[in-house]
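Residue-level structural notes
The primary structure of each chain is shown beneath.
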Amino acid sequence: MGNRKDDGKGTGTGRGRPREGRVRWRKTALVAVPAVAAVGALAVVMAQGALAASFAVSGTSFQVSSSRLSSKGLASFVQTDRSVDGKGHPVALLGIGEATLSDICQAAEARTPLGTVVFKLTAGGPAGEVTASNLVIDGEDLQGDATFGTAQIGRDASTLDRVDGIKGEPGQFGLQAGDIEVVGVRSRAWSATGGNFRLKGLRLSVSLDGTKCF
């Protein structure tokens, strides 16, 4: 029997069969390019803070309250949230880097065939503090007694750098501050997002004509 030469197209045992373990890199690269591009685009969007308003809000604002809120940084600018009907809701986007709250209450009203229902979530208090990273609240208003570190009011929103990912469009009015503490927090908001929420003593309730946060 003579030795059969490998022609580069097979394994030496037959023609047209790819070598075991061989990867066709050109084809693999073409498949991977869209995925890599998508991940890169997502990273850019997150860095620009655009994910904070990436979902349609409901047609109802809700209440948020806390006895005390503190953070290592705060940044804010004006933007517009939209509901599924296309209606715009002007809000102050409030970004808080690492938030610690002594307690938290969130409440919203919803109409049902049985009547008006209050959806309510509470946490913290005797159970321990509530924490969240990169907390973003799109609020209509904010009330409380506040103490700020170094504050910059009127800074271009595209240059804000106190809270990662919280930046607006060039020319927009913005403000930011260092360490903050707000006592007696009350806010009406259209959305709230955050990462790594830790809600000790979480309680969620739905009740007819129930009480709200304030």
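Going by the structure above, here's the rest.
The model shown is predicted, which means the values in this text are computed figures rather than measured ones.

Details of the environment of Val91
Counting through the fold element by element, Val91 comes out in strand 3 (residues 88-101). Residue Val91 is classed as buried on the basis of its relative accessible area of 3%. Placed 10 residues apart in sequence, Val91 and Asp81 show a C-alpha to C-alpha distance of 6.9 Å. Non-local contacts of Val91, meaning those with residues more than four positions away in its chain, are made with Phe77, Val78, Gln79, Asp81, Asp138, Gly139 and Trp190.

As for the nonpolar core
In this structure, Leu69, Ile96, Leu101 and Leu135 are the most contacted members of the largest nonpolar core, which totals 20 residues. Residue assignment for this core shows that the elements contributing at least two residues are strand 1 (62-71), strand 3, strand 4 (103-112), strand 6 (130-148) and strand 9 (180-198). When neighbours within four sequence positions are excluded, Leu135 is seen to be in contact with Leu94, Gly95, Ile96, Gly97, Ala99, Thr193, Gly194 and Phe197. Counting residues in each nonpolar core, the second largest holds 8 residues, with Leu93, Val136, Leu160 and Val163 among its members.

Details of the state of the cysteines
Applying the stated criterion across every chain, the model contains 1 disulfide. With its sulfur 2.0 Å from that of its partner, Cys105 forms a disulfide with Cys213. Here the S-S torsion is close to -85°, and the disulfide linking Cys105 with Cys213 is therefore left-handed. Of the two residues, Cys105 is situated in strand 4 and Cys213 in the segment after strand 10 (203-208); the sequence distance between them amounts to 108 residues. Here Cys105 matches Cys213 in class, with each residue buried.

The rules behind these values
Residues numbered from 1 in each chain as written. Predicted model: local features only at pLDDT ≥ 70, side-chain atom pairs only at ≥ 80, totals over all residues. Heavy atoms only, no water. Helix = DSSP H or I, 4+ residues; strand = E, 2+ residues; numbered from the N terminus. Buried < 20%, exposed > 50% of the residue type's maximum accessible area, 1.4 Å probe, protein only. Contact = heavy atoms within 4.5 Å. Core = buried A, V, L, I, M, F, W, Y, C linked by side-chain atoms within 4.5 Å. Disulfide = S-S within 2.5 Å.

Function cannot be inferred from these measures alone, as they are strictly geometric.
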